[in-house]
Amino acid sequence: MRDPILSARGLSREYAPEQGCLAVDLDVWPGEVVGIVGESGSGKSTLLRLLSGQERPDAGSLIFTDRAGQSHDLREASESEIRHLQRTAFGIVHQNPRDGLRLRISAGGNIGERLMGIGARHYGEIRAEASRWLAHVEIDPARIDDLPRHFSGGMQQRLQIARNLVTNPGLVFMDEPTGGLDVSVQARLLDTLKRLVYDLGISVVIVTHDMGVARLLADRLLVMRFGRVIETGLTDQVLDDPQAAYTQQLVASILQVS
Amino acid sequence: MSDTVTHYNFAYLDEQTKRMIRRGLLKAVAVPGLQIPFGGREMPLPYGWGTGGIQVTAAVIGPDDVLKVIDQGADDTTNAVSIRAFFAKTAGVSTTEVTTDATLIQTRHRIPETPLSSGQILIYQVPIPEPLRFIEPRETETRKMHALSEYGVMHVKLYEDIAQFGQIATSYAYPVMVNERYVMDPSPIPKFDNPKMHQNPALQLFGAGREKRLYAVPPYTDVISLDFEDHPFEVQSWETPCALCGSQESFLDEVVMDDAGTRLFICSDTDYCRTQQERTDA
């Protein structure tokens, strides 16, 4: 058995008592999708920012193991090392594509930025790669020179995913990637995501408050409340047989349309 | 030129200010291409007219210096004439229009065609010193990007040019890599002048008055224009030679002659053009 790609122990970041994220233990294994669910203010997004190095923990340890088997202590790492990892080994998909895209740069430029950031200097190759990735996320490659602001919300989100996956990161963090999209667009995005995740064998940590998204995508779930993880387990296990009282309420609150 | 005025300090600025600017310049020379903040002073001309350049000139000029000032290559435009007169008046230095006679050249938007030599100082007026500004409005972030050499976005700009226009359409303020470390905005000189910065024997100083930044390229430093392997850096070229001196090697300005669309291409560097004409006349 390989080692976990990301391993957190006692990870904490508290803004105020019970505000933030407290003593979280988490292992992310290669090729696995971990869902983090919970209500607003439960610390989901804080945990995601801690795991992805966007914020530093107050306490605990966080070890990332890259593809080459090299370990990085993200709590001790220099800012330069963390930013390098974020550009190469991590993907970060924001809830609002406007946070993750450069709106005044064409779709091709958005996808190519990471490649150029790690030293690609051949225009033709960068463009070919951008075009290939547009097709991967089901955007017509003919729109490579269009600005993201002329794309629909769902397309922007798919573009953001392509922009992150182009450097083949081992670990992708997503914060509510389907938030703000209508149901049919959401379904298509989830299809795309699922296909990419299994084709590429990447690990994903996904934050969502949508139990449907969690059930479709996640192999394993963490349920958070008041900054703590109150229940973990396989997705089906947690959703079909919730143990904690809060999780039972959460599962019961899923709208049943029949 | 009028006589030197005595109620101002030598070269207008007080000695403490000059000391502060020189200290910044030393740091700038020590770390080629790095932007150094300085306490910019109000100068008796508006921002955008060369307040940065004029402060750098004031800080480094001495009584024995010979000053040349050019604006878009020309010695005889309002800006160039005023700044030259300013230093003739406040520092009593002699001025010239001949590139080879000058020890100090303050410039806006051009590098002289005549090659500079060791011992000369070229001072650029800079409007926006930050090459990353177009993509990143936060100063804290651009500083971090420089510190960590995160320069991928500079190529995104060039990528966008090729995607839109089929070629790198950036024609002035073309970004350069200095000494294999810092990406620098060479001020709005045409990219035609970029190769002249590379391994230049003269000291090149840059002053941005509004943004209050100094930077420098010491003599014989590598200055490489960014490009792609399949779209290499190229300078502008013209189909006709200069209409006045016949030069085929200099940067040409287009001059509209009448309302019928007649146009003329002439050297932007007036001193170079005159020298070329004298050479052919002789």
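In case you missed it, the structure is sitting above this.
About the cut-offs
Sequence order sets the numbering: in each chain, residues are counted from 1 along the sequence as written. Chain letters and ligand numbers both follow the written order, the letters beginning at A and the numbers at 1. In view of the model being predicted, local features appear only for residues whose pLDDT reaches at least 70, and side-chain atom pairs are presented and counted only at 80 or more, with totals across whole chains, interfaces and linings using the full set of residues. For side-chain calculations, the full set of non-hydrogen atoms in the structure is used, while hydrogens and water are omitted. Numbering of helices and strands starts at the N terminus; helices are DSSP runs of H or I of at least 4 residues and strands are runs of E of at least 2. Expected helix span is given by 1.5 Å per residue-to-residue step, counting one fewer step than there are residues. Accessibility here uses a 1.4 Å probe with only protein chains present; expressed as a share of the type maximum, an area under 20% marks a residue as buried, one over 50% as exposed, and anything in between as partly exposed. The directions from the helix axis to the C-beta atoms are what the arc is built from. Whether two residues are in contact is decided by their heavy atoms: any pair within 4.5 Å suffices. Between N or O atoms, a polar contact is any pair within 3.5 Å; within protein, one atom must be a potential hydrogen donor and the other a potential acceptor, and residues adjacent in sequence are included only when both atoms are from side chains. Buried area is a sum: the accessible area each of two parts loses on coming together, probed at 1.4 Å, counted once for each and added. We define a salt bridge as a side-chain nitrogen of Lys or Arg found within 4 Å of a carboxyl oxygen belonging to Asp or Glu. Working definition of a nonpolar core: buried Ala, Val, Leu, Ile, Met, Phe, Trp, Tyr and Cys residues. They are joined through side-chain atoms within 4.5 Å. Planes of paired rings set the category: under 30 degrees apart is stacked, over 60 is edge-to-face and the rest tilted, where pairs are Phe, Tyr or Trp rings (Trp by its six-membered ring) whose centres lie within 6.5 Å. Criterion for a charge above a ring: Arg CZ or Lys NZ at most 6 Å from the ring centre, at most 35 degrees from the ring normal. Two strands are counted as paired when DSSP detects at least two bridges linking them. Axes here mean lines fitted to C-alpha atoms, for a helix over just the part in contact, with angles spanning 0 to 180 degrees between N-to-C directions.

**Brief notes about helix α1 (residues 15-30) of chain B**
Residues and elements named next belong to chain B. Along its 16 residues, α1 runs 22 Å from first to last C-alpha, staying within 8% of the 22 Å computed at 1.5 Å per residue. Where α1 is concerned, the buried positions are Thr17, Lys18, Ile21, Gly24, Leu25 and Ala28. Projected down its long axis, α1 shows its buried positions confined to an angular sector of 125 degrees, all on one face. With respect to the buried face of α1, the exposed residues turned more than 90 degrees away are Gln16, Arg23, Leu26 and Ala30. Residues of α1 that are buried in the fold lie against β1 (36-37), α2 (51-60), β8 (203-208) and β9 (213-217). Regarding α1, its N-cap is aspartate 14, as a side-chain oxygen of that residue lies 3.3 Å from the backbone nitrogen of glutamine 16 further along.

**Regarding the interface of chain A and chain B**
Taken residue by residue, the interface counts 21 residues in chain A and 20 residues in chain B. Buried area between chain A and chain B, summed over both chains or domains, comes out near 1,900 Å², and the portion from carbon and sulfur atoms is 59%. Looking at the side of chain A facing chain B, the largest losses of area belong to Arg83, Arg121 and Tyr123 of chain A, adding up to 39% of the total buried there. Applying the counting criterion to the chain A and chain B interface returns 4 salt bridges. Put simply, glutamate 150 of chain B and arginine 87 of chain A hold a salt bridge, and the shortest N to O gap is 2.8 Å. Of all elements in the fold, only α2 (79-88), α4 (107-117) and α5 (123-136) of chain A reach the threshold of two or more residues within the side of chain A that touches chain B. Per-element accounting of the side of chain A that touches chain B gives the leading share, 5 residues, to α4 of chain A.

**Here's the deal with the nonpolar core**
Counting 66 residues, the largest nonpolar core has Ile111, Leu159, Ile161 and Val204 of chain A together with Tyr159 and Phe228 of chain B as its most contacted members. Leu25, Leu45, Ile61 and Ile123 of chain B belong to the second-largest nonpolar core, a separate cluster that totals 29 residues.

**Description of the side chain of glutamine 55 of chain B**
All names here are of chain B. The topology assignment puts glutamine 55 in helix α2. Overall, glutamine 55 belongs to the buried group, its relative accessible area being 1%. Setting aside residues up to four positions removed in sequence, glutamine 55 forms contacts with Leu13, Ile21, Phe38, Gly39, Gly40, Arg41, Met43 and Gly209.

**With respect to the environment of glutamate 55 of chain A**
Residue and element names in this part refer to chain A. The residue glutamate 55 is located in the loop between α1 (44-51) and β4 (59-65) in this model. For glutamate 55 and leucine 101, which are 46 residues apart along the polypeptide, the C-alpha to C-alpha distance reads 20 Å. Ignoring sequence-local partners within four residues, the contact set of glutamate 55 consists of Arg13, Tyr15, Arg49 and Leu50. A polar side-chain atom of glutamate 55 sits 2.8 Å from a polar atom in the side chain of tyrosine 15.

**Section: the packing of aromatic side chains**
Residues and elements named next belong to chain B. Counted according to the given criterion, the structure contains 13 aromatic pairs over all chains. Their ring planes at 50 degrees and their centres at 5.2 Å tell us that tyrosine 8 and tyrosine 12 sit as a pair that is tilted. Judged by centre distance (4.1 Å) and plane angle (10 degrees), the rings of tyrosine 124 and phenylalanine 206 are stacked. Note that tyrosine 124 is positioned in strand β5 (residues 121-125) and phenylalanine 206 in strand β8, a separation of 82 residues in sequence. The class for phenylalanine 206 is buried, based on a relative accessible area of 0%. Cluster of aromatic residues (ring-pair linked, three or more members): Tyr8, Tyr12, Phe86 and Phe87. Positioned over the ring face of phenylalanine 134 is lysine 157, at 5.0 Å from the centre of the ring. When the ring centre of tyrosine 182 is taken as origin, the NZ or CZ atom of arginine 181, which lies over that ring, is 4.2 Å away.

**Some points on the sheet that holds strand β8 (residues 203-207) of chain A**
Strands belonging to one sheet form pairs held by backbone hydrogen bonds; the direction of such a pair is parallel or antiparallel. All names here are of chain A. Read across the open sheet, the 6 strands follow the order β6-β7-β8-β3-β9-β10; overall the sheet is mixed. The strands lining the two open edges of the sheet, one partner per strand, are β6 (90-93) and β10 (228-234). Taken over all neighbouring pairs, the strand axes of this sheet differ in orientation by 15 degrees on average, direction set aside. Where strand β3 (residues 33-38) and strand β9 (residues 220-225) come together, 5 bridges link them in parallel fashion. Bridged to valine 37 within β9 is valine 223. Relative to β9, helix α10 (residues 245-252) is tilted by about 110 degrees, and along the sheet it contacts β3, β9 and β10.

**Focus: the sheet that holds strand β6 (residues 176-178) of chain B**
Residues and elements named next belong to chain B. Within the open sheet, the 3 strands sit side by side as β7-β6-β10. Their pairing is antiparallel. The open sheet has two edge strands with one neighbour each: β7 (182-184) and β10 (223-225). When the angles between neighbouring strand axes are averaged without regard to direction, this sheet yields 35 degrees. Judged from the 3 bridges that link them, β6 and β10 form a sheet pairing that is antiparallel. Among the inter-strand pairings, valine 178 is bridged to a residue of β10, identified as valine 223.

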